[in-house]
Amino acid sequence: MKQRTNVTEFVLLGLTQSLQVQKILFVVFLFSYIVTVVGNLVIVVTIVVSPTLGAPMYFFLAYLSFMDAVYSTTVTPNMIINLVDEKKTISFEACMSQLFIEHLFGGAEILLLVVMAYDRYVAICKPLHYLTIMNQRLCIVLLLLAWVGGFLHAVVHLFFVLNLPFCGPNVIDHFGCDMYPLLKLACTDTYFIGLTVVANDGVICVAIFVLLLISYGVILHSLKNHSQEGKRKALSTCGSHITVVVLFFVPCIFIYVRPPCILPIDKYLTVFYTVITPMLNPLIYTLRNGEMKSAMKKLWIRNRK
């Protein structure tokens, strides 16, 4: 690889070249990142220390919040620094690490959303057998499968990129390292690899997105036999999950379900699932969940004493 690659660092053009807009985005993204990290860590801590949040749903929610915090940290801090730094570069090694970690946590989060949909299906459609089916062992196995799937997903991306020759130029029209911008810089034909990315990212995203929508459709249809209180609680929980699914998958599908190419709008859409969605997840899951709000309130009161 070293013999075929002359590039030791990449220049990131970012979202805009306007200095005034960069200053505004610095404040916006810094605030968003702080909210993302603090909000998601508060959810993790609340679930860990609250005995009332021992249900499998909260076990998965804690890991989803952890993934969101790390996923956002993979890209956002570097993007924030580049908004005020004259030298907007990233080393080759750091770029590869960012690519791997981004797809590791992104892939694991996609599979975790599937697991959470299955958890809601069992809880609502088979409530009497919920704790028996979703026992601790199964929850751990499903979580490990999500991590393994994310790891394999990331390894495929990293394998293809590391075997590409980069002879220059080294300017990436993006704020981070991702597959399509890197494929554009490779000094070889990347058409086949681009189709592999479409299959590995686009087709999988569409399939899982459709599967999730069908799953939640089945769940909502089954609510006709529940009480009003049961319907209200289930709709609140499922509504939160569906909102997160739409915010995460729609931008991904637009970027990856098409012939391999780069559009100017791609980097703005990437902001949705790297900055905005991880920031909104804590608000979505807490504001619509009475148990979470109650547990947070008790934790706040306990820490003030």
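Residues numbered from 1 in each chain as written. Predicted model: local features only at pLDDT ≥ 70, side-chain atom pairs only at ≥ 80, totals over all residues. Heavy atoms only, no water.

Threshold: UniProt positions are given in the numbering used here, feature names are shortened, and annotations may be inferred rather than shown by experiment.
Per an unreviewed UniProt entry, the chain is named Olfactory receptor, and its organism is Rhinolophus ferrumequinum. UniProt lists a comment for the chain under the heading Sequence similarities (unreviewed entry), and it reads "Belongs to the G-protein coupled receptor 1 family." Per UniProt, the chain carries the Function (unreviewed entry) text "Putative odorant or sperm cell receptor."

Section: the UniProt feature "transmembrane region" (unreviewed entry) in the chain
This is how it is decided: Put simply, DSSP marks the helices as runs of H or I at least four residues long and the strands as runs of E at least two long, and each gets a number from the N terminus on.
Taken from the UniProt record, the annotation "transmembrane region" (unreviewed entry) applies to residues 24-48, 60-80, 100-118, 138-160, 191-214, 234-256 and 268-287. Here residues 24-48 is 100% helix and 0% strand, with 36 Å between the C-alpha atoms at its ends. What you have in residues 191-214 is 100% helix and 0% strand, and the ends, taken at the C-alpha atoms, are 33 Å apart.

Examining the pairing of strand β1 (residues 9-12)
Note the following rule: Type-normalised accessible area, obtained with a 1.4 Å probe on protein chains alone, sets the label of each residue: buried when under 20%, exposed when over 50%, and partly exposed for intermediate values. Whether two strands pair depends on DSSP finding at least two bridges between them.
Covered by surrounding structure in β1 are F10 and L12 only, the residues E9 and V11 on the alternate face being uncovered. Strand direction decides the pairing type here: β1 and strand β2 (residues 89-91), joined by 3 bridges, are antiparallel. If you follow F10 over to β2, its bridge partner there is I90. Pairing of β1 with strand β3 (residues 171-172) involves 2 bridges; the strand directions are parallel. Residue pairing in the sheet places V11 in a bridge with V171 of β3.

As for the pattern of salt bridges
Short version of the rule: Any Lys or Arg side-chain nitrogen found within 4 Å of a carboxyl oxygen on Asp or Glu counts as a salt bridge.
All chains considered together, the criterion is met by 2 salt bridges. Note that R120 is salt-bridged to D119, the shortest N-O span being 2.9 Å. Accessibility assignment for this pair places R120 and D119 in one class, buried. We note a salt bridge from D173 to K267, for which the minimum N-O separation is 2.8 Å. Linking D173 in the loop between β3 and α6 (179-185) with K267 in helix α9 (residues 266-287), this pair joins segments that are 94 residues apart in sequence. D173 sits in the partly exposed class, given a relative accessible area of 42%. The exposure class of K267 is buried, given its relative accessible area of 10%.

Thoughts on the packing of helix α5 (residues 136-162) against helix α7 (residues 191-222)
For clarity, the threshold we go by: Only the stretch in contact is used when fitting a helix axis, every axis being a line fitted to C-alpha atoms; angles between N-to-C directions are given from 0 to 180 degrees. Roughly parallel refers to an angle under 35 degrees, roughly antiparallel to one over 145, roughly perpendicular to one between 65 and 115, and oblique to any angle outside these ranges. In this analysis, two residues are considered to be in contact whenever any of their non-hydrogen atoms come within 4.5 Å of each other. Just so you know the grouping, Ala, Val, Leu, Ile, Met, Phe, Trp, Tyr, Cys and Pro go in nonpolar, Asp, Glu, Lys and Arg go in charged, and all remaining residues, Gly too, go in polar.
Following both chains from N to C, one finds α5 and α7 inclined at 170°, their axes separated by 11 Å at the closest point. In terms of orientation, α5 lies roughly antiparallel with respect to α7. Judged by residue contacts, H153, V156, H157 and F160 of α5 engage I193, T196, N200 and D201 from α7. When grouped by side-chain class, the residues that make up the contact of α5 with α7 number 3 nonpolar, 4 polar and 1 charged.

Things to note about the state of the cysteines
Here a disulfide denotes a covalent bond joining the sulfur atom of one cysteine to the sulfur atom of another. Here is the rule we go by: Cysteine sulfur pairs qualify as disulfides if the two atoms are within 2.5 Å.
According to the stated counting rule, one finds 2 disulfides in the structure shown. Across the disulfide, C95 is cross-linked to C177 (sulfur-sulfur distance 2.0 Å). On the sign convention where negative means left-handed, the S-S torsion of about -130° between C95 and C177 marks this disulfide as left-handed. Taken together, the residues C95 in helix α3 (residues 92-125) and C177 in the loop between β3 and α6 connect sequence positions 82 residues apart. Overall, C95 belongs to the buried group, its relative accessible area being 0%. Here C167 connects covalently by a disulfide to C187, the sulfurs 2.1 Å from one another. With the S-S bond torsion at 50°, the cross-link from C167 to C187 turns out right-handed. Separated by 20 residues along the polypeptide, C167 in the loop between α5 and β3 and C187 in the loop between α6 and α7 bring together distant segments of the chain. Look at C167 and you get partly exposed, because its relative accessible area is 41%. Here the bonded cysteines of the chain are numbered in sequence order, and their pairing is 1-3, 2-4. In this structure C252 is a free cysteine whose sulfur lies 4.9 Å from that of C205, the closest cysteine sulfur available.

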